[in-house]
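Structural description and commentary
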Amino acid sequence: EAGVAQSPRYKIIEKRQSVAFWCNPISGHATLYWYQQILGQGPKLLIQFQNNGVVDDSQLPKDRFSAERLKGVDSTLKIQPAKLEDSAVYLCASSFTGTPGDTQYFGPGTRLTVL
Amino acid sequence: GQNIDQPTEMTATEGAIVQINCTYQTSGFNGLFWYQQHAGEAPTFLSYNVLDGLEEKGRFSSFLSRSKGYSYLLLKELQMKDSASYLCAVNSNYQLIWGAGTKLIIKP
């Protein structure tokens with residue numbers, strides 16, 4: 001079974017530029033999550049989708065971050081414009097149903113450096 | 001507020017046993033996860049506890065006490081490949097709240 005795919009793996013941009021990340025979850029998984037992980041910290045949930053609907057985006061900085069999951073499968077996360085403090089690893093995860101005991105499976109992440 | 005505490009770093013010797021503690025204060029509780037994260041890699045699932053007690057899975061065991069807001073991960077027969085960060089995460093109101101992780105260093 002293929003795992004969660006993410007691209008690109010690395011991205012370096014200058015502040016005020018835009019960037020987009022892509023995620024393809026495990027086939028059949030209804031729930032998709034985007035996390036931001038700053039070095040030395042645990043992952044912070046940015047947004048959670050159930051199929052193509054948003055379940056939780058309370059911690060998404062909506063003035064600069066946006067995400068979509070149009071057909072309930074793959075997803076994109078965009079930052080526009082980027083700030084220095086956005087430098088982090090962006091992790092995508094998926095789970096089968098999104099219920100409390102459901103395991104989340106993570107992709108390899110995208111390491112973003114904002115200069 | 002929601003808070004999860006873990007030691008920042010621990011050191012242990014190859015072949016030994018180590019216990020990594022996690023304490024939590026959350027508004028809701030629907031289970032506790034332990035994940036392993038090697039440097040530069042994604043977290044991978046280790047265990048899930050929703051009821052009090054010990055869950056054993058090979059060299060790894062996880063314990064939960066809901067009344068004390070406390071869990072631990074026990075790693076036996078440590079191997080060099082166990083060098084990683086161990087993340088505790090609590091499902092609170094259907095959202096995972098993550099600790100900062102414990103970096104485990106294994107010495108020969």
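Note that this is a predicted model, so its numbers are computed, not measured.

**Here we look at the environment of B:S85**
All names here are of chain B. Relative to the elements of secondary structure, S85 occurs in strand β9 (residues 84-92). In this structure S85 comes out as partly exposed when scored by relative accessible area, which is 23%. Sequence-distant contacts of S85, that is, excluding residues within four places in its chain, are made with Y35, Q36, Q37, T102 and K103.

**What about unusual backbone geometry?**
All names here are of chain A. P8 follows S7 through a cis peptide bond whose omega is -10°. Along the chain, the position of P8 falls in the loop between β1 (5-7) and β2 (10-13). With omega at -5°, the peptide bond leading from Q80 into P81 counts as cis. Turning to its location among the elements, P81 is positioned in the loop between β8 (75-79) and β9 (88-95). Of note, R16 is a non-glycine position whose phi angle comes to about 80°, a positive value. Residue position: R16 is located in the loop between β2 and β3 (19-24). According to the relative accessible area criterion, R16 is exposed, its value standing at 64%. Here N51, not a glycine, exhibits a phi torsion of approximately 55°, which is positive.

**Observations regarding the interface of chain A and chain B**
Listed per partner, the contact involves 22 residues of chain A and 17 residues of chain B. Roughly 1,400 Å² is buried in total at the junction of chain A and chain B, and carbon and sulfur atoms are behind 54% of that figure. The largest contributions to the chain A side of the interface with chain B come from A:P43, A:P100 and A:F106, which together make up 34% of the buried area. The interface formed by chain A and chain B includes four residue pairs in polar contact (both at pLDDT 80 or more). When contributions to the side of chain A that touches chain B are tallied by element, the ones reaching two or more residues are β4 (31-37) and β5 (44-50) of chain A.

**Digging into the packing of aromatic side chains**
Applying the stated criterion to the full structure yields 16 aromatic pairs over all chains. Ring centres of A:F65 and A:Y90 lie 6.4 Å apart, and the angle between their planes is 40°; this geometry places the pair in the tilted category. Here A:F65, found in strand β7 (residues 65-68), pairs with A:Y90, found in strand β9; they are 25 residues apart in sequence, far enough to count as distant. Residue classification places A:Y90 among the buried positions, given a relative accessible area of 0%. One aromatic cluster is present, formed by A:Y33, A:Y35, A:F106, B:F33, B:Y35, B:F45, B:Y48 and B:W98 through successive ring pairs.

**Observations regarding the pairing of strand β6 (residues 53-57) of chain B**
All names here are of chain B. For β6 and strand β7 (residues 60-65), the ladder comprises five bridges, and the chain directions are antiparallel. Opposite L54, over in β7, you have F63 as the bridge partner. The turn linking β6 back onto β7 is made up of two residues, and G58 within it adopts a positive phi angle of 65°.

**As for the pattern of salt bridges**
Tallying each qualifying case throughout the model produces five salt bridges over all chains. Of the charged contacts, one joins A:D57 and A:K62 as a salt bridge, the two residues approaching to 3.7 Å between their closest N and O atoms. Ionic pairing is found between B:D82 and B:R59, a salt bridge with its closest N-O pair at 2.8 Å. Placement of B:D82 in the loop between β8 (70-75) and β9 and of B:R59 in the loop between β6 and β7 is noted, with a sequence separation of 23 residues between them. Taken individually, B:D82 and B:R59 each receive the classification buried, so the pair is uniform in this respect.

**Notes on the state of the cysteines**
The final tally for this structure, using the stated rule, is two disulfides over all chains. The disulfide that involves A:C23 links it to A:C92, with 1.9 Å between the sulfurs. As the torsion about the S-S bond is roughly -70°, the A:C23-A:C92 disulfide counts as left-handed. Remark: A:C92 occurs in strand β9 and A:C23 occurs in strand β3; sequence separation between them is 69 residues. For the pair formed by A:C23 and A:C92, the shared burial category is buried. Residue pairing for B:C22: its cysteine sulfur links by disulfide to B:C88, the two sulfurs lying 2.0 Å apart. Between B:C22 and B:C88, the S-S torsion sits near -65°, and that sign places the bridge as left-handed. Here B:C22 is found in strand β3 (residues 18-25), whereas its partner B:C88 is found in strand β9, with 66 residues between them in sequence. Assigned by exposure class, B:C22 and B:C88 land together as buried.

Reading the values: rules and limits
- Residues numbered from 1 in each chain as written.
- Chains lettered and ligands numbered in written order.
- Predicted model: local features only at pLDDT ≥ 70, side-chain atom pairs only at ≥ 80, totals over all residues.
- Heavy atoms only, no water.
- Helix = DSSP H or I, 4+ residues; strand = E, 2+ residues; numbered from the N terminus.
- Buried < 20%, exposed > 50% of the residue type's maximum accessible area, 1.4 Å probe, protein only.
- Contact = heavy atoms within 4.5 Å.
- Buried area = accessible area lost by both parts, 1.4 Å probe.
- Polar contact = N/O pair within 3.5 Å; in protein donor to acceptor, adjacent residues only side chain to side chain.
- Phe/Tyr/Trp six-rings, centres within 6.5 Å; stacked < 30°, edge-to-face > 60°.
- Pairing = 2+ DSSP bridges.
- Salt bridge = Lys/Arg side-chain N within 4 Å of Asp/Glu carboxyl O.
- Disulfide = S-S within 2.5 Å.

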